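As a plain string of letters, each chain reads:
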Amino acid sequence: PLASPSHFLAIVGTMAAAGHVRLRMGELLSACVDLSVVASGAIRTLVATGGATLTADKSNGKDFDPQTVADLTSQHIIVDSLRSMWPRLQIIGEEGALETDTSLIHRPNVGLLETFVDPGAPRALGWDVAWDNDLDWEDVTVFVDPLDGTKEFTEGIHSAVTVLIGIAYLGRPVAGIIQQPWYTEQTQRCVWGCEGLGVHWQTLAKDEAPAAGGWVAHVGPSVKPGRNIVGTSRSHGRVEIEAAIKKSMATEVIRSGGAGNKVIQLMEGVIDCYLFPVPGTKRWDTCAGEAILRASGGALTDRNGAAYDYVFDEAMVFNTDGVVAVRSADALLPYIAACRVPGAAL
């Protein structure tokens, strides 16, 4: 059960019982990558065994917002396992503050991504913290969407489902994981990105753990000049969305579920812009995707072109000004202009 009626309640870490527990970006990101794969496998197993049942509708009478056993199980695996490693880590999870389930704690591989940093070179990531420096606890927040695209999940549209883990440093998304439990019917795929290290992915069998040497560097897609395919939500039709799509001069519109899924579509060249200029998403929907886009030269902002602040504050989880995301930051401004309401201040 939720510890509060507020389903987005921030998960507040307890103080370590004794001694200093270090927090380093390389170890944290490695652990999050590993745990995303474990959670993905659990989701697939629940579906295969008929255990992914609906537990609640969180919509409060608005658009259907389901919660399932798979959402809860995935969050337990990720959050409880991270908490067992770093008791003081700040985490905000979509499913709220759940009581710890020790049976779902997994010991993650904190050295999984060590091969990405040259041991003989300074371990800078392109921002003001190094890979293996001790971080201040209050500077780091992890955002977890344990099963993004739950509505599609309940409808059997598994291709839209992702597990999202984003890491913010001083309010800025710097690393993220988008795990696809159903890359194909027989495989899953893990995509992660970090500023200074780029974006990498690995395709795995449905019950396979990631290998340290199995990562493939992401290469941007080749698209036809003049093409303008816009991706947006399949289940949140709004007048403002349709007006922005029309003003963007889209040559095609693809409507699909899941924020993580649409970032993957951007990265693969299926769409050229993820356009959702209205409230509806939350920080756990976008932190991972924004970090991955940043790591590959893209951008994710609100409809005014402003960055969201990813801080440890339960009152600041709503993306009230929508989402605009592009594969290349240079392509952002025309879509921001398309979202502008006539008469609004520039």
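In this report, we go over the structure that sits alongside the text. Just so it is clear, the model here is predicted, and its values are computed rather than measured.

### A word on the sheet that holds strand 6 (residues 172-180)
Right, so step 1: One open sheet holds the seven strands; their spatial order is 3-4-5-6-7-8-9, and the pairing between them is mixed. Two strands bound the open sheet, and with one partner strand each, they are strand 3 (90-93) and strand 9 (216-217).
Right, so step 2: Bridge count for strand 3 against strand 4 (residues 140-148) is four bridges, and the pairing is parallel. Bridge pairing in strand 4 places I91 opposite V142.
Right, so step 3: Relative to strand 4, helix 2 (residues 69-85) is tilted by about 155°, and along the sheet it contacts strand 3, strand 4 and strand 5 (162-169).
Right, so step 4: Strands in contact with helix 6 (residues 283-295) are strand 3, strand 4, strand 5, strand 6, strand 7 (187-194) and strand 8 (198-205); relative to strand 6, the strand with the most contacts, it is inclined by about 100°.

### Describing the nonpolar core
Right, so step 1: Ranked by size, the top nonpolar core spans 49 residues in total, and within it L28, L29, L82 and L89 carry the most contacts.
Right, so step 2: Only helix 1 (25-49), helix 2, strand 4, strand 5, strand 6 and strand 7 provide two or more residues apiece to this core.
Right, so step 3: For this core, the leading source of residues is helix 1, giving twelve residues.
Right, so step 4: L28 has contacts with L23, L82, W86, L89, V140, V142 and I167, leaving out every residue within four places of it along the chain.
Right, so step 5: Grouped together as the second largest cluster of nonpolar side chains are 42 residues, A168, V263, M267 and Y335 included.

### Considerations on the sheet that holds strand 10 (residues 229-233)
Right, so step 1: Strands sit in the order 11-10-12-14-13 across an open sheet of five strands; the sheet is mixed. In the strand order of this sheet, the two ends are held by strand 11 (252-256) and strand 13 (299-301), each with one partner. Each adjacent strand pair in this sheet contributes to an overall mean axis angle of 20°, direction not counted.
Right, so step 2: With respect to the sheet, helix 6 is in contact with strand 13 and strand 14 (323-326), its orientation differing from that of strand 13 by roughly 145°.

### Focus: helix 2
Right, so step 1: If you check helix 2, its first and last C-alpha atoms are 24 Å apart, about what 17 residues at 1.5 Å a residue would give, namely 24 Å.
Right, so step 2: At the N-terminal boundary of helix 2, the capping side chain belongs to T68, with an oxygen 3.2 Å from the backbone nitrogen of A70.

### Topic: the packing of aromatic side chains
Right, so step 1: Per the counting criterion, the structure on display carries four aromatic pairs.
Right, so step 2: Aromatic side chains F116 and W192 sit 4.9 Å apart centroid to centroid with 90° between the ring planes, which places their arrangement in the edge-to-face category. Of this pair, F116 sits in the loop between strand 3 and strand 4 while W192 sits in strand 7, and the two are 76 residues apart along the sequence.
Right, so step 3: Accessibility expressed as a relative area gives 22% for F116, which makes it partly exposed.
Right, so step 4: For the ring pair F153 and W182, a centre distance of 6.3 Å and an interplane angle of 40° mean the geometry is tilted. Remark: W182 occurs in the loop between strand 6 and strand 7 and F153 occurs in helix 3 (residues 150-154); sequence separation between them is 29 residues.
Right, so step 5: Relative accessible area serves as the criterion here: at 6%, F153 is assigned to the buried category.
Right, so step 6: Among the residues examined, W182 registers a relative accessible area of 8% and is labelled buried.
Right, so step 7: By the ring-pair criterion, three or more aromatic residues cluster together here, those being F116, W192 and W215.
Right, so step 8: In this structure, R189 packs its charged tip against the face of W201, placed 5.8 Å from the ring centre.
Right, so step 9: Lying across the ring of Y310, R283 places its NZ or CZ 5.6 Å from the centre.

Reading guide: rules and limits
Residues numbered from 1 in each chain as written. Predicted model: local features only at pLDDT ≥ 70, side-chain atom pairs only at ≥ 80, totals over all residues. Heavy atoms only, no water. Pairing = 2+ DSSP bridges. Helix = DSSP H or I, 4+ residues; strand = E, 2+ residues; numbered from the N terminus. Contact = heavy atoms within 4.5 Å. Axes fitted to C-alpha atoms, helices over the stretch in contact; angles between N-to-C directions. Core = buried A, V, L, I, M, F, W, Y, C linked by side-chain atoms within 4.5 Å. Buried < 20%, exposed > 50% of the residue type's maximum accessible area, 1.4 Å probe, protein only. Expected span 1.5 Å × (residues − 1). Polar contact = N/O pair within 3.5 Å; in protein donor to acceptor, adjacent residues only side chain to side chain. Phe/Tyr/Trp six-rings, centres within 6.5 Å; stacked < 30°, edge-to-face > 60°. Lys NZ or Arg CZ within 6 Å of the ring centre and 35° of its normal.

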